[in-house]
Amino acid sequence: MIRLALQKSGRLTEKSVDLLNRCGLEFNWSKNRLVSRATNFPLELMLVRDDDIPEYVREGVCDIGLVGENVLYENLQEGALNPTVERELGFGRCRLSFAVPEAFDYQGIQSLRGRKIATSYPGILGRYLREKSLDAHVIEISGSVEITPVLGVADVILDLVSTGSTLRSNNLKEVETLMESQCVLVRTPEPLSSEKSALIDRLLRRLDGVKKAEHNKYIMMNATRTSLPKIREVLPGLEQPTVMPLDGDGDRLAVHAVCHEDIFWETMEGLEEAGATSILVVPIEKIL
Ligand code: PRT
Ligand code: ZN
């Protein structure tokens, strides 16, 4: 049995569970329990605060975990073994950025020198300032960092941004991005039994299949053999198609293929112009 650490309740929870469901995992779901077992895969979920996930995975309490890169890198331990990133999951995207009051005359990172910078990410900020040889005062705040400039607590903030509306409503402007972040699947640096490794590989293969399927479409159309080269020009992502004669019509063919890209209306119109008819585009759920 492998154990996976997951945020108990927050921005990553729903998308993480949805991804596991799409990998075929089902749970006897109870949000108030610390541990939930999958009913059809040897895996149990450990539901915790996201900030604790790197530590649980580092120590091998959990074999794998789903966590934001911002939290992972904040909890990196220098000189120790850290969790390794196995997959980027493409959700929970945000950026960790410096922001200053609208009136602040920002002239690049040199403007950070000597300033009071409020953040919930003192580890990442400290490393950044050392790397850039900048001296500044780091003020650690656990939440609502965006209100610290107006309170006179800080000159600059370093906080997560996604749409930017929190900054705007506090009269702050984003001036520098320190890092981009998304949810990742991490693995413990502790040695694992071959059985556990095999289970993790099995889950990763399913994840890859789900991810691959997201960007692929199955396309079906009727066409003539002479129109095939034109159709391929319109659909560069078309794999070797399956071509079948249509019953009772010697010249016309049914063309079926996996297409490695999204298909927009413009593409459909292009296919029609190339001579295709009865064009069907369907999503793919899984690919192995
Ligand atoms: O209780 P627990 O400790 O588990 O949860 P939490 O409150 O610490 O974290 P949570 O659930 O808020 O976020 C979990 C993860 O989601 C973060 O660690 C990021 O990896 C990711 N994420 C993605 C975000 C955002 N987008 C985000 N916009 N986390 C926080 N924000 C906040 C940000 O701090 C700021 O206050 O949203 C505000 C900015 O949003 P915009 O859209 O106004 O720019
Ligand atoms: Zn947290």
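This text follows the structure it describes.
Model, not experiment: these values are computed from the prediction. (Residues numbered from 1 in each chain as written. Chains lettered and ligands numbered in written order. Predicted model: local features only at pLDDT ≥ 70, side-chain atom pairs only at ≥ 80, totals over all residues. Heavy atoms only, no water.)

Enquirer: Any chance you could explain the overall build of the protein chain here in plain terms?
Expert: The number of helices and strands found in the protein chain is eight helices and 15 strands. On C-alpha atoms alone, the protein chain measures out to a radius of gyration of 25 Å, which is more than a quarter above the 19 Å that the 2.2 N^0.38 rule sets for 288 residues. Expressed along its principal axes, the backbone C-alpha trace of the protein chain runs to roughly 80 × 50 × 35 Å. Summed over its atoms, the accessible surface of the protein chain is roughly 15,400 Å², and 48% of this surface lies on carbon and sulfur atoms. For the protein chain, the separation between the mean place of its 34 positive charges and that of its 43 negative charges on side chains is 3 Å. (Helix = DSSP H or I, 4+ residues; strand = E, 2+ residues; numbered from the N terminus. Rg over C-alpha atoms; globule rule 2.2 N^0.38 Å. Areas by Shrake-Rupley, 256 points an atom, 1.4 Å probe, with all protein chains shown as cover. Lys, Arg positive; Asp, Glu negative; His and termini not counted. Charge placed at Lys NZ, Arg CZ, Asp CG, Glu CD.)

Enquirer: Help me understand the site of ligand 1, please; the structure alone is not making it clear to me.
Expert: In the vicinity of ligand 1 there are 21 residues, among which Arg49, Asn70, Thr163, Gly164 and Thr166 approach most closely. Gln7 is positioned such that a nitrogen or oxygen atom in its side chain is 2.8 Å from an oxygen atom of ligand 1. Within the side chain of Arg49, an N or O atom sits 2.6 Å from an oxygen atom of ligand 1. Within the complex, 78% of the 840 Å² of free accessible area of ligand 1 lies under protein. Under a 2 Å grid-point criterion requiring more than half of the atoms, the pocket assigned to ligand 1 is the largest pocket. Among the secondary structure elements, those contributing two or more residues to the shell around ligand 1 are helix H3 (69-74), strand S9 (156-161) and helix H5 (165-169). For the shell around ligand 1, the residue count by class is five nonpolar, ten polar and six charged. (Near = heavy atom within 4 Å. Polar contact = N/O pair within 3.5 Å; in protein donor to acceptor, adjacent residues only side chain to side chain. 1 Å grid on protein atoms, 1.4 Å probe; cavity = no way out; pocket = protein on both sides within 12 Å on 5 of 7 lines; lining within 4 Å. Sits in = over half its atoms within 2 Å of the grid points. Nonpolar A, V, L, I, M, F, W, Y, C, P; charged D, E, K, R; others polar.)

Enquirer: Just to check I follow, could you spell out the coordination of the zinc ion (ligand 2) for this structure?
Expert: The expected angle between donors at a tetrahedral four-coordinate metal is 109.5 degrees. At an octahedral six-coordinate metal it is 90 or 180 degrees. The protein atoms that coordinate the zinc ion (ligand 2) are Asp50 (OD) and Asp51 (OD), at distances of 2.1 Å. Note that the zinc ion (ligand 2) binds four donor atoms; their angles at the metal cover 76 to 170°, and the shape is irregular. In this structure Asp50 comes out as buried when scored by relative accessible area, which is 17%. (Donors = N, O, S within 2.8 Å, 3.2 Å for Na, K, Ca; no water. Tetrahedral: all angles 85-135°; square planar, octahedral: opposite > 155°, others 65-115°. Buried < 20%, exposed > 50% of the residue type's maximum accessible area, 1.4 Å probe, protein only.)

Enquirer: So what exactly am I meant to see when it comes to the side chain of Thr224 here?
Expert: Along the chain, the position of Thr224 falls in strand S12 (residues 217-224). Look past the residues within four positions of Thr224 in its chain and what remains in contact with it is Asp251, Arg252 and Leu253. (Contact = heavy atoms within 4.5 Å.)

Enquirer: Looking at this structure, how should I read the sheet that holds strand S14 (residues 249-259)?
Expert: The four strands are arranged S13-S14-S12-S15 in an open sheet whose pairing can be described as antiparallel. Here the strands that pair on one side only, and so sit at the sheet edges, are strand S13 (242-246) and strand S15 (277-283). Shown here is a sheet whose adjacent strand axes are inclined to one another by a mean of 20°, direction ignored. Examined bridge by bridge, S12 and S14 share eight bridges and lie antiparallel to one another. Its bridge partner lying in S14, Asn222 is registered against Ala254. Contacting S12 and S15, helix H8 (residues 265-273) runs over the sheet at an angle of about 150° to S15. (Pairing = 2+ DSSP bridges. Axes fitted to C-alpha atoms, helices over the stretch in contact; angles between N-to-C directions.)

Enquirer: Looking at this structure, how should I read the pattern of salt bridges?
Expert: Any two side chains of opposite charge can pair, so long as their charged atoms come close to each other. Evaluated as defined, the whole model comprises ten salt bridges. The partner of Glu174 in a salt bridge is Arg95, with the nearest N and O atoms 2.7 Å apart. Residue Glu174 is located in strand S10 (residues 172-181), and its partner Arg95 is located in strand S6 (residues 94-101); the two are separated by 79 residues in the primary sequence. The class for Glu174 is partly exposed, based on a relative accessible area of 30%. Overall, Arg95 belongs to the partly exposed group, its relative accessible area being 22%. (Salt bridge = Lys/Arg side-chain N within 4 Å of Asp/Glu carboxyl O.)

Enquirer: Just to check I follow, could you spell out the pairing of strand S8 (residues 137-140) for this structure?
Expert: The side chains of a regular strand alternate between the sheet's two faces. Here strand S7 (residues 116-119) runs beside S8; their pairing, made up of four bridges, is parallel. Its bridge partner lying in S8, Lys116 is registered against His137. For the segment spanning S7, helix H4 (residues 122-131) and S8, crossover handedness is right-handed. (Right-handed = clockwise from strand over helix to strand, strands pointing away.)

Read these as layout, nothing more, since geometry by itself doesn't imply function.
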